[in-house]
Amino acid sequence: MILEPMLIVELALMGTCAGFLAGLLGIGGGMIMVPFMAFILTAKGFPEAYIFKMAVATSLGTICFTSLSSVWAHHKRGAVLWPAVKLLAPGILVGSLLGAQIAVAIPGKALSILFAVFVAFSATQMFLNRKPQATRVLPKGLGMFGMGNVIGLLSSLVGAGGAFVSVPFMTWCNVKIHQAVATSAALGFPIAFAGTLGYIWAGHNLQDMPNGVFGYLYVPGLVIISLASICTAPLGARTAHRMDIRPLKKAFAVVLYILAAYFLFR
């Protein structure tokens, strides 16, 4: 399969920007990759009914790789709460697999509206810089399994890494913010891995799909975006330590509002 040079450039540019912004602002790559992947697939004439689901599946696939790079950096600093990861991961795997099956059963337009609501909510949290007040401790056993279900389900539906749920949850439970972010990074892999498998399985019988598509996963996009984002995410993280990113977060929140409006009214 030979890709057009312009398509390679577009995918690499998207991965570069998504990786840098993820490292700089601490956001999930899905908020960047899903809408722009949908733009690219639309321009290339992919089946309209499958475009948004393919964008979500491909976003989850790239998170498999970027999360490994991120969690290693956090682990070296001793910030990952591995006992919490072990308790949340089983529920996340179940929720992510279930979320993928629900997503492919939902009409593409309805799924894009759900994504728009998620982006608008995330933009509001980012704009207000709102942090939940810590009031309790992490639950045990079934409580963590159930929370893992919720994190995995929502993340798989919208193609995100789960930080938009797991970080507020952990800080609410008196986990320090840097440990919450690091632990969320560790949770990104099981979320993305199970969700990607779910989308591949759900789309394995699709007919008349273009070359390079495996289930709902667009493989060329997965490879190029992953390589680019892995290279630029560390640069974004280093930049974040040298500047005040609060004004930048507010400006980026405005961009997210525009993207949410586009998906609501397209």
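What comes next is a walk through the structure. Sequence positions are assigned chain by chain, starting from 1 and proceeding in written order. Predicted model: local features are reported for residues with pLDDT of at least 70 only, side-chain atom pairs are reported and counted for 80 or more only, and whole-chain, interface and lining totals are derived from all residues. Hydrogen atoms and water are omitted, and side-chain values are computed over all heavy atoms in the structure.

Turning to unusual backbone geometry, a few remarks are in order. The phi torsion at Asn174 lies on the positive side, around 70°, for a residue other than glycine. Labels follow the DSSP assignment, with helices taken as runs of H or I lasting at least four residues and strands as runs of E lasting at least two, numbered in each case from the N terminus. Along the chain, the position of Asn174 falls in the loop between α7 (163-172) and α8 (177-202).

Turning our attention to the packing of aromatic side chains. Planes of paired rings set the category: under 30 degrees apart is stacked, over 60 is edge-to-face and the rest tilted, where pairs are Phe, Tyr or Trp rings (Trp by its six-membered ring) whose centres lie within 6.5 Å. Counted by the stated rule, this structure contains seven aromatic pairs. Summarising the aromatic geometry, the rings of Phe36 and Phe39 are spaced 5.3 Å apart at their centres and angled 90° between planes, so their arrangement reads as edge-to-face. Residue Phe36 and its partner Phe39 are located together in helix α2 (residues 30-43), separated by three residues, close to a single helical turn. Residue classification places Phe36 among the partly exposed positions, given a relative accessible area of 37%. These aromatic residues form a ring-pair network of at least three members: Tyr50, Tyr199 and Tyr216. We call a residue buried when its accessible area falls under 20% of the maximum for its residue type, exposed when it is over 50%, and partly exposed in between, using a 1.4 Å probe and counting protein chains only.

With that settled, the discussion passes to the pattern of salt bridges. Only one rule defines a salt bridge in this text: a Lys or Arg side-chain nitrogen within 4 Å of an Asp or Glu carboxyl oxygen. One pass over the full model with this rule turns up one salt bridge. The residue Glu4 makes a salt bridge to Lys44 at a minimum N-O spacing of 3.1 Å. Remark: Lys44 occurs in the loop between α2 and α3 (48-76) and Glu4 occurs in the segment before α1 (5-25); sequence separation between them is 40 residues. Overall, Glu4 belongs to the partly exposed group, its relative accessible area being 46%. The class for Lys44 is partly exposed, based on a relative accessible area of 31%.

Turning our eyes to something else, we now look at the state of the cysteines. By disulfide we mean two sulfur atoms from cysteines, separated by a distance within 2.5 Å. Applying the stated criterion across every chain yields a total of zero disulfides. Counting only cysteine sulfurs, Cys17 is the nearest neighbor of Cys231, a cysteine outside any disulfide, at a range of 14 Å. Note on Cys231: relative accessible area 60%, which makes it exposed.

What follows covers a nonpolar patch on the surface. A cluster of nonpolar side chains, contributed by Leu68, Leu97, Phe189, Phe193 and Leu197, occupies part of the molecular surface with about 420 Å² of accessible area. At three residues, α8 tops the list of elements feeding residues into the nonpolar patch. Tracing the sequence through the fold places Leu68 in helix α3. Patch criteria: residues need more than 30% relative accessible area and no salt bridge. Like-charged residues are merged within 9 Å; nonpolar side chains of Val, Leu, Ile, Met, Phe, Trp and Tyr are merged within 5 Å. The protein chains shown are the only cover counted for residues, whose accessible areas, like all others here, come from Shrake-Rupley with a 1.4 Å probe.

A few words on the environment of Trp82. Relative to the helices and strands, Trp82 is located in helix α4 (residues 82-105). Taking the C-alpha atoms as reference, Trp82 lies 9.7 Å from Leu187; in sequence the two are 105 residues apart. Setting aside chain neighbours within four positions, we find Trp82 in contact with Val71, His75 and Ala186. Two N or O atoms form a polar contact when they lie within 3.5 Å of each other; inside protein one atom must be a possible hydrogen donor and the other a possible acceptor, and for residues adjacent in sequence the pair counts only when both atoms belong to side chains. Within the structure, the side chain of Trp82 is placed 3.1 Å from the side chain of His75, a separation counted as a polar contact. We call two residues in contact when some of their heavy atoms are within 4.5 Å.

A few words on the nonpolar core. To form a nonpolar core, buried Ala, Val, Leu, Ile, Met, Phe, Trp, Tyr and Cys residues must be joined to one another through side-chain atoms within 4.5 Å. Counting 47 residues, the largest nonpolar core has Leu11, Met37, Met54, Phe115, Tyr199, Tyr218 and Leu256 as its most contacted members. At the level of secondary structure, the elements contributing two or more residues to this core comprise α1, α2, α3, α4, α5 (108-128), α6 (141-158), α9 (219-240) and α10 (246-265). Among the elements that take part in this core, α2 stands out by supplying eight residues, more than any other. If sequence neighbours within four positions are ignored, Leu11 has contacts with Met37, Ile40, Tyr218, Pro220, Gly221, Ile224 and Ile225.

Along the chain, Ser59 falls in helix α3. With a relative accessible area of 1%, Ser59 lands in the buried category. Within the local environment of Ser59, its side chain forms a polar contact with the backbone oxygen of Gly159, the two atoms lying 2.8 Å apart. With residues near it in sequence (within four places) discarded, Ser59 still touches Gly30, Met33, Val34 and Gly159.

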